[in-house]
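# An overview of the molecular structure
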Amino acid sequence: MASFRFLAALLLTLLLTSDVAAREKKPTRQQKRIEAKEKAQKFANMKAAGQDQVSMTKEAAELRSYELRKKKKKGLLKRREASLAQVLFPGASPEEYMDGEPVPSFAELVQSKKTQLPFKYYDLPTCPQPNEKIQKRFRQRKNLGSRLMGQTQTMAPYNFPTKKDKECTPLCMVEVGGKKLRWLRKLVERQYRVHLTLDQLPVLMRSKELNYAVRGYPVGFKAPPSYTGLKEDEFYLYNHLKFTITYREEPGEFEGVRITGFDVHPVSIDHKLEEGAKVTPGEHLEALDKGSAVSTCGRGSSPVNEPETYLALRSGSSGEDMKILYSYEVEWQQSDIPWADRWDVYLVGSPDDEVHFFAIVNSLMVVVFLTGAVATILIRTLKRDIAGYNEMQTLEEAQEETGWKLVHGDVFRPPQSHPLLLCVLVGTGAQLGSAFFITLLASMLRMLNPLKKGQALTAVIVLYVLCGGIGGYVSARLYKFCDAKSWKRATLATAIAFPGSIVAMFMVLNIFLTVVGSATAMSFLTIFFVFLLWGCVATPLVFVGSYFGYRAEKIEVPTKTNQIARFIPELPYYANPPISFLLAGLLPFGSVCIELFFIMSALWLHQLYYIMGFLMAVLLILAATCSEVAMVMCYLQLCVEDHRWWWKSFLNCASAGVYLFLYSLWFLPFKLHLVGMLPVVVYLTYMSMISLAFGLVTGTAGYLSCFWFTKKIYGAVKAD
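Residues numbered from 1 in each chain as written. Predicted model: local features only at pLDDT ≥ 70, side-chain atom pairs only at ≥ 80, totals over all residues. Heavy atoms only, no water.

## Let's talk about the overall build of the protein
Along the protein, the regular secondary structure elements total 19 helices and 16 strands. Residues classed as buried in the protein amount to 48% of the 720 residues present. Long-range contacts, defined here as pairs at least 24 residues apart, represent 80% of the contacts in the protein between residues at least 6 apart. When the accessible surface of the protein is summed, it comes to about 37,500 Å², and 60% of that surface belongs to carbon and sulfur atoms. (Helix = DSSP H or I, 4+ residues; strand = E, 2+ residues; numbered from the N terminus. Buried < 20%, exposed > 50% of the residue type's maximum accessible area, 1.4 Å probe, protein only. Contact = heavy atoms within 4.5 Å. Areas by Shrake-Rupley, 256 points an atom, 1.4 Å probe, with all protein chains shown as cover.)

Written out as structure tokens, the structure is:
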């Protein structure tokens, strides 16, 4: 007994000790609040002292990390700390490079925010592409999405041996004149930027003094007459690049070095050759070791931006072609910044996650309001109405009935106007909605890698094709309910109507893109592959889905349809189109308009968008809003004895696509500032496609919800 008491006392002592130790280790809420206040004061003082957020110093990295602290969290309910690399690119692992090992750099698209016509890097009058093959560990497979976006993995003409600094190194000389020179001046005027990547890091231009960092470097710059003293604007080309590569070396953790930064400082300089030196245009000066032939790019000299030596984009005095000599230099700098924090600088200044959170809260308020309205209808109004209808005993009482019960013999009368078109639209919307939902689900489950260009677009296209069976099944079930006989025509229309419209619009646009030489112009092989995917995969799946849809039992409804349609009285203004369409479409669009701004900024302003969890929440809120708005509008319509709810239930919510297109028209002059006619046509064409798809998805959600709603309410009453 004494030993038992001793063991119990010892166990109790250990439990109390461990509990006290745990309490000592875990800070209290008050301690966390005090610590957060101290941190906020510390970094506020750093900002007041002029500390920048973009340089590679320890202080700037700490300030960046503090500003991005809310982005560096993972998890849905329990948010835990994580690095930005884990949030943006989960599963990505660092690459280590040994001393002297060449690090490949890749040339991306040459883009501008003022025009939506990107060009390939080697469309510019630059040095020829190197012949060396891309190593297997750096190689990325081409996919359909990257081809449609014009993304190709091409080696840049620059050489970066690990930890080997390079002084000014001449690269090559090219001759430009005539039409090519005028095109180059236009690129400078429209503010095109060149994008390169090294170790998957986009090249950055950053300024510690001005506290800014921007991806890519400009092709050149324009100087006004007040600066040059000339009669008109002068255009200058950046032909010398100063690269700075920062790296981390930690022999105790890993071998070699890890790259943590890739910066560039462009310089415009009119290079001069040594007396008697000759350089053949197109030859690789670095490979031939002809650096000594250039007097302005010798050893110990580093070109700088001086107005006297700027390289002007103009032909010679007698009209001969302009000669451009390209050069570059490389500096490797050691840094203490961890590899996991190297993406922080790319998101400095981007909207905080709280903005997206408040957008979702705003949308949820709309959903809560609508849920209350639907609950009021279903629980109070309908319950009272149904009880009253079921208690009617006499013929006189039945003749005095009013409201939605009056149309019980007509509410399930198939639409008399274009039933085939309605079924095709609903089936297509179901197919699109399924593809979007599965794509977002795959992104949330980290099945899509953001580092692989075009993978998300490929997923949307492939899933849309594979969801053809869903579209065919939904269309066939509804068409069978309408007692229509042209099932072959309905199935074929479901297979080709929407994709045919999109392909036709894109083919017309592709002609103009090919004429101007844009990188997004599709080749014949890509067009053939898209047609193959459409004709050999999507269309058969639609027919398979239609087969099972027509084999299934006809949808049962709780009331019988009268032989003669009931007369519809004069309707109030809110139940008549287009007023009903405009009123109903406003709420679904309003529930997503804030998040829509960030999505369009990512699409057209080349910003990063990575919060797929928020996007999934917005999609679910949109579906709930469409369903509830459609049910409320349907109930109001039935109460005024209008039984023609089929088309109205679809168009009420599909009008959200019209609002999306109107929003894109507002976005065009106030956010994009596009230059030229073709960029505007490209923008409006793609936004028309997106608005059409958006309208089909929202319209389908409204239609199916109303079908369920009418079956429920009329199934609860006794109708003769």
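## Quick notes on the state of the cysteines
One pass over the structure, following the stated rule, counts 2 disulfides. Linked covalently through their sulfurs, Cys127 and Cys172 form a disulfide whose S-S length is 1.8 Å. Here the disulfide of Cys127 and Cys172 is left-handed, its torsion about the S-S bond being about -95 degrees. Here Cys127 is found in the loop between β4 (115–119) and α5 (144–149), whereas its partner Cys172 is found in strand β6 (residues 166–176), with 45 residues between them in sequence. (Disulfide = S-S within 2.5 Å.)

## Here we look at the pattern of salt bridges
One pass over the structure, following the stated rule, counts 14 salt bridges. Arg342 serves as the salt-bridge partner of Asp199, at 2.8 Å between the closest nitrogen and oxygen. Here Asp199 is found in the loop between β7 (193–198) and β8 (201–202), whereas its partner Arg342 is found in the loop between β16 (322–334) and α8 (353–390), with 143 residues between them in sequence. Per residue, the accessibility class of Asp199 equals that of Arg342, and both read buried. Of the charged contacts in the structure, one is a salt bridge between Lys648 and Asp642, with a shortest N-O distance of 2.6 Å. (Salt bridge = Lys/Arg side-chain N within 4 Å of Asp/Glu carboxyl O.)

## A closer look at helix α13 (residues 487–516)
An α-helical turn contains 3.6 residues, so any two residues separated by three or four positions project in the same direction. Over its 30 residues, α13 extends 44 Å from the first C-alpha to the last, a length consistent with the 44 Å expected when each residue adds 1.5 Å. The largest bend in α13 amounts to roughly 35 degrees and is located at Ala493. Two residues or fewer past α13, Gly517 is found with a positive phi of approximately 75 degrees. (Expected span 1.5 Å × (residues − 1). Bend = angle between axes of the 7 residues up to and from the residue.)

## Looking at the nonpolar core
Tyr683 and Phe707 are the most contacted members of the largest nonpolar core, which totals 94 residues. Looking at this core element by element, the count peaks at 15 residues for helix α19 (residues 677–715). For Phe707, the contacting residues outside a window of four places in its chain are Phe412, Leu478, Phe481, Ile555, Val557, Trp645 and Trp646. Counting 60 residues, the second largest nonpolar core, distinct from the first, contains Val174, Tyr217, Val264 and Leu513. (Core = buried A, V, L, I, M, F, W, Y, C linked by side-chain atoms within 4.5 Å.)

## What to know about the side chain of Thr700
With respect to the helices and strands, Thr700 occurs in helix α19. One polar contact links the side chain of Thr700 to the main-chain carbonyl oxygen of Val426, over a distance of 3.3 Å. The contacts of Thr700, once residues within four sequence positions are left out, are Leu425, Val426, Gly429, Ala430 and Phe650. (Polar contact = N/O pair within 3.5 Å; in protein donor to acceptor, adjacent residues only side chain to side chain.)

## Remarks on the pairing of strand β3 (residues 105–112)
The two faces of a sheet get side chains in turn, since along a regular strand they alternate between them. With respect to burial, β3 is a largely interior element, 8 of its 8 residues being buried. Across 5 bridges, β3 lies against β7 in antiparallel orientation. Note that in β7 the partner of Phe106 across the bridge is Thr197. Sheet topology note: the β3/strand β5 (residues 154–155) ladder contains 2 bridges and is antiparallel. Across the sheet, Ala107 pairs through a bridge with Thr154, a residue of β5. Inspection of the sheet shows β3 paired to β4 by 2 bridges, in the antiparallel sense. (Pairing = 2+ DSSP bridges.)

## Details of the environment of Asn159
Here Asn159 is to be found in the loop between β5 and β6. Those residues within four positions of Asn159 in sequence are excluded, and the remaining contacts are Pro102, Lys166, Glu286, Tyr328 and Val330.

## Describing the packing of aromatic side chains
A complete count under the given rule lists 41 aromatic pairs for this structure. On the numbers, 6.3 Å between centres and 50 degrees between planes, the contact of Phe506 with Tyr686 is tilted. Within this pair, whereas Phe506 is found in helix α13, its partner Tyr686 is found in helix α19, the two being separated by 180 residues in sequence. By the ring-pair criterion, three or more aromatic residues cluster together here, those being Phe589, Phe597, Phe598, Tyr659, Tyr663, Trp666, Phe667 and Phe670. Its end group placed over the ring of Phe254, Arg258 keeps NZ or CZ at 3.9 Å from the ring centre. Residue placement shows Lys554 over the ring face of Phe481; its charged tip is 5.9 Å from the ring centre. (Phe/Tyr/Trp six-rings, centres within 6.5 Å; stacked < 30°, edge-to-face > 60°. Lys NZ or Arg CZ within 6 Å of the ring centre and 35° of its normal.)

## Some remarks on the pairing of strand β9 (residues 204–207)
Covered by surrounding structure in β9 are Leu204 and Arg206 together with Met205 and Ser207, the residues of both alternating faces. As paired elements, β9 and strand β10 (residues 212–215) share 4 bridges and run antiparallel to each other. From the neighbouring strand, Leu204 faces β10, where its bridge partner is Arg215. If you look at the hairpin formed by β9 and β10, you'll find 4 residues sitting between the two strands, and Asn211 has a positive phi there, around 55 degrees.

## What about the side chain of Ser580?
Position of Ser580 relative to the elements: it lies in helix α15 (residues 579–604). Excluding residues that lie within four positions of it along the chain, Ser580 makes contacts with Tyr574, Ala575, Met633 and Asn652.

## Brief notes about the environment of Val629
Mapping Val629 onto the fold places it in helix α16 (residues 612–639). With 42 residues separating them along the chain, Val629 and Leu587 place their C-alpha atoms 7.6 Å apart. When neighbours within four sequence positions are excluded, Val629 is seen to be in contact with Leu370, Ala584, Leu587 and Pro588.

## Description of the packing of helix α10 (residues 419–444) against α16
At a minimum axis distance of 9 Å, the contact between α10 and α16 shows a crossing angle of 150 degrees. Here α16 runs roughly antiparallel to α10, going by the angle between their axes. Crossing of α10 against α16: the hand is left-handed. On α16, the residues that touch Phe437, Leu440, Leu441, Ser443 and Met444 of α10 are Met612, Gly613, Leu615, Met616, Leu619 and Leu620. Within the contact of α10 with α16, the residues separate by chemical class into 9 nonpolar, 2 polar and no charged. (Axes fitted to C-alpha atoms, helices over the stretch in contact; angles between N-to-C directions. Parallel < 35°, antiparallel > 145°, perpendicular 65-115°, else oblique. Left-handed = near helix turned anticlockwise from the far one by under 90°. Nonpolar A, V, L, I, M, F, W, Y, C, P; charged D, E, K, R; others polar.)

## Focus on the confidence of the model for the protein
Close reading of the predicted structure is inappropriate where its pLDDT is low. For the protein, mean pLDDT is 84; residues scoring 70 or higher make up 87% of the total. Per-element averaging of pLDDT across the protein places helix α9 (residues 395–399) at the bottom with 48 and strand β11 (residues 217–218) at the top with 96. Counting contacts from residues 18–24, a segment whose pLDDT is below 50, to residues more than four positions away or on other chains yields 0 contacts. (pLDDT = per-residue confidence, 0-100.)

## Some remarks on unusual backbone geometry
Of note, the bond from Pro577 into Pro578 is cis; its omega dihedral lies within 30 degrees of zero at 5 degrees. Here Pro578 shows up in the loop between α14 (524–551) and α15. One non-glycine residue, Asp199, adopts positive backbone phi at about 55 degrees. Looking at Asp199, the relative accessible area reads 9%, which means it is buried. Of note in the backbone geometry, His673 takes a positive phi value of approximately 55 degrees without being a glycine. Within the secondary structure layout, His673 lies in the loop between α18 (656–672) and α19.

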